[in-house]
Amino acid sequence: MDFDRLVHEAWPAYEQQPHDGWVFRHAGGVTKRANSVLATRPPADLDGAIRAAEAFYGARGQRCVFSVGTSAPAGLDEELERRGYDLVDPTLVMSGRPKGEPAPGVRISERPWPEWLEAWWAVDGRYGSGLEEAARICAGVPAWYAAYEQDGAVLAVGRGVPQGDTLGIYCMATLPQARRRGLARVVLRALVARAGVPSAYLVVTAGNGAAQALYRGEGFEDAGRYHYRVR
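Here's a quick rundown of the structure. This structure is a prediction, so every number in the text was calculated from the model and none was measured.

Bringing empty space enclosed by the protein into the picture now. This model, assessed by the stated rule, comprises 1 cavity of 30 Å³ or more. A volume near 70 Å³ is recorded for the largest cavity. Contributing to the lining of the largest cavity are Phe3, Asp4, Val7, His8, Arg25, Arg33, Leu38, Ser67, Tyr226 and Tyr228. When contributions to the lining of the largest cavity are tallied by element, the ones reaching two or more residues are helix H1 (3-10) and strand E11 (220-230). In terms of residue count, the dominant contributor to the lining of the largest cavity is H1 (4 residues).

The subject of this paragraph is the pairing of strand E7 (residues 144-150). Working note: regular strand, side chains alternate between the two faces of the sheet. With 5 of 7 residues buried, E7 is to be regarded as a mostly interior element. Note that strand E6 (residues 106-109) and E7 share 4 bridges and pair antiparallel. The residue of E7 that forms the bridge with Ser109 is Tyr145. Bridge count between E7 and strand E8 (residues 153-163): 7 bridges; the pairing is antiparallel. When the sheet's bridge partners are listed, Glu149 is paired in E8 with Val154.

This brings us to helix H7 (residues 209-217). Residues of H7 that are buried: Ala211, Gln212, Leu214 and Tyr215. Within H7, the buried residues cover an arc of 160° as seen down the axis, which keeps them to one side. What points out from H7, more than 90 degrees from its buried face, is the exposed set Ala210 and Gly217. Gly219 lies just past H7 and shows a positive phi near 100°.

Once that is clear, we can look at the pattern of salt bridges. Here the structure, examined in full by the defined rule, presents 13 salt bridges. Note that Arg185 is salt-bridged to Glu218, the shortest N-O span being 2.6 Å. Remark: Glu218 occurs in the loop between H7 and E11 and Arg185 occurs in helix H6 (residues 183-195); sequence separation between them is 33 residues. Residue Glu218 is classed as buried on the basis of its relative accessible area, which comes to 3%. With a closest N to O distance of 2.8 Å, Arg189 and Glu218 form a salt bridge. Here Arg189, found in helix H6, pairs with Glu218, found in the loop between H7 and E11; they are 29 residues apart in sequence, far enough to count as distant. Summarising the burial analysis for this pair, Arg189 and Glu218 share the class buried. Via salt bridges that share partners, Asp47, Arg51, Glu79, Arg82 and Arg83 belong to a single interconnected network.

If a probe the size of a water molecule is rolled over the atoms, the empty space left behind becomes visible. Quantified by volume, the largest pocket comes out at close to 1,200 Å³. Lining the largest pocket are 41 residues, with Met172, Ala173, Asn208, Ala211 and Tyr215 positioned closest to its centre. Among the elements that make up the lining of the largest pocket, the one with the highest residue count is strand E9 (residues 166-174) (6 residues). Looking at the lining of the largest pocket, its residues break down into 26 nonpolar, 6 polar and 9 charged.

Procedures and definitions
- Residues numbered from 1 in each chain as written.
- Predicted model: local features only at pLDDT ≥ 70, side-chain atom pairs only at ≥ 80, totals over all residues.
- Heavy atoms only, no water.
- 1 Å grid on protein atoms, 1.4 Å probe; cavity = no way out; pocket = protein on both sides within 12 Å on 5 of 7 lines; lining within 4 Å.
- Points joined across faces, edges and corners; volume = space filled by probe spheres on them.
- Helix = DSSP H or I, 4+ residues; strand = E, 2+ residues; numbered from the N terminus.
- Buried < 20%, exposed > 50% of the residue type's maximum accessible area, 1.4 Å probe, protein only.
- Pairing = 2+ DSSP bridges.
- Arc of directions from axis to C-beta.
- Salt bridge = Lys/Arg side-chain N within 4 Å of Asp/Glu carboxyl O.
- Nonpolar A, V, L, I, M, F, W, Y, C, P; charged D, E, K, R; others polar.

Here it is as C-alpha cells:
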C-alpha cells in the first residue's frame, strides 16, 4: 500500500498547491500532516522545489515542514538535513486485519458532533485555538466518527476513513479519567465492524509504546515509517 498517499487523502489539507510533482499543504498550521510538503517523486530542480516550498510556507507565516516517508525521493532527507532541517516526530505506520465487533455504548455518525470534537480536542488539542481548522480537515473526506458514551458523556473517540478495501484509523483519544478500561479497543473494533473491509491501518508516534501494544494486540503490525523535517 502507498501509505504516504493514503494518509494524505485521509487527512486532507484544505489548501493544496502542486509543484513539480510535490504538494504543498496548508491548513491553518493545525497538525504537521496537513501543513507539510508531500514529496513523493524527484523534482526536476531539487533546489528550486525546496526554495518554492520555503516561500509558500513563509508567505503564510509558517515554518517549512517536509513529510519524509517511504515514497520520498532518494536523497531528499539528507539534503534537508544538510540545510539545517531538524528531524522531528518519527512515526510508525501499522496495518493489519483487526477484529471488528459492534459494542453497546458506541455511537457512530457520518459527521463529528460537538461532544465528539470536544473530547478529541481535550486530548489532542496541541494547537491552541485550532479546533475549527481541525474540524474542517476532518470534514474534507467521508468518514465515520465513533464515540463511547456513558450517561450521555463522551469518554473515548475515533475516526475511520474508508479508502477502498482498507480503513484508515485516526483521532483515537480517550479522556484521562476513562483510561485503562479498554475503551480505545472498543471504539477501534466498532469502527472496523462498521467499515466491513478486510484491512485497516493507522499511524502512531514512535515513542507511544502503550498505543503500539494495544494495536499489536488487535492484529496490527509495523508496515512503514515516516518523519518530518522542520526548519
